[in-house]
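# Structural overview for review
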Amino acid sequence: MISDESLFHYSLVAFYLIAPPTFISLMFLQAPYGKHHRPGWGPTLPPPLAWFLMESPTLWLTLLLFPHGRHFSNPKSMILMSPYLLHYFNRTCIYPLSLLRRSPSGNGKKTSHGFPLSIALTAFFFNLLNAYLQARWVSHYKDNYDGDGNDWFFWLAFFVGLFVFLCGMRINIVSDRELLRLKGEGKGYVIPRGGLFELVACPNYFGEILEWLGWGVMTWSWVGFGFFIYTCANLVPRAIANRQWYLDKFGGDYPKSRKAVIPYLI
């Protein structure tokens, strides 16, 4: 039977191997939900339910695995895991409830386009892999919790990363709320205005990229930075496609100076 150490190692290698094909494939074919909805992808779920189910492993699997780590009782490991859980509590619980509340009907009915079950299952299995890696690293394999001369570095990395993470989380949540507000008005797609929407088409994605960059710094690990790299591979192509979608739909009314996801760069 494979040991946990070997499973962890192979899972981490797989984590890095799936990022390049994800980036390349998404540059040519966008996942068919939201603006890029297309028929022919099989059964669908109501978007709030899909988001809840596919993001849920980041909570329940993390909480199941964390007590089995050798650093479980160390306050540093609990502190370090908290930002990750905070993000996914918002994404798993609060965001789906916001989708229900902001639906154009105002009563939580299914939105005009369902979320493909196939895409939700793909995200579910990725989140199983990611939750396993992040939880096991923080609770078991990370080795600079005990003040062995590197205590200063742990706290430096944590607070610098936490600052970046919280800035990104604020951008992500504020941008998501604005998009949901516009959707809740029931007028169809419009051009978002104000704030970082004046600089990029997808500030919500920019915020999430910042979050996981901060997480990589906090954990200072191949695991944390791997998640940051995969997030870029997943979200940058979609942001580019979203910007092109706005240009195709609104033509000259859409500000061409706006980048896709990284202000002034991409």
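Fair warning: this is a prediction, and the values are worked out from it, not measured in the lab.

## Topic: the pattern of salt bridges
- Counted under the stated rule, the structure contains six salt bridges.
- Close ionic contact of D4 with R136 constitutes a salt bridge, the shortest N to O distance being 2.9 Å. With D4 in helix α1 (residues 4–26) and R136 in helix α5 (residues 117–141), this residue pair connects regions lying 132 residues apart in the sequence.
- D4 gets classed as partly exposed once you look at its relative accessible area, which sits at 28%.
- Notably, a salt bridge pairs E208 with R91, separated by 3.8 Å at the nearest N-O pair.

## Overview of the side chain of N204
- Position of N204 relative to the elements: it lies in helix α7 (residues 203–219).
- Exposure remark for N204: the relative accessible area of 8% places this residue in the buried category.

## Section: the confidence of the model for the chain
- Taken as a whole, the chain shows an average pLDDT of 90; of its residues, 95% reach a score of 70 or greater.
- When the criterion is pLDDT under 50, residues 106–111 qualifies, and its contacts beyond four places in sequence or with other chains add up to seven contacts.

## Considerations on the environment of G161
- If you trace the backbone, G161 turns up in helix α6 (residues 151–184).
- Residues G161 and V200, spaced 39 residues apart in sequence, show a C-alpha to C-alpha distance of 23 Å.
- G161 has contacts with G214, V217 and M218, leaving out every residue within four places of it along the chain.

Rules used in this analysis
- Residues numbered from 1 in each chain as written.
- Predicted model: local features only at pLDDT ≥ 70, side-chain atom pairs only at ≥ 80, totals over all residues.
- Heavy atoms only, no water.
- Salt bridge = Lys/Arg side-chain N within 4 Å of Asp/Glu carboxyl O.
- Helix = DSSP H or I, 4+ residues; strand = E, 2+ residues; numbered from the N terminus.
- Buried < 20%, exposed > 50% of the residue type's maximum accessible area, 1.4 Å probe, protein only.
- pLDDT = per-residue confidence, 0-100.
- Contact = heavy atoms within 4.5 Å.

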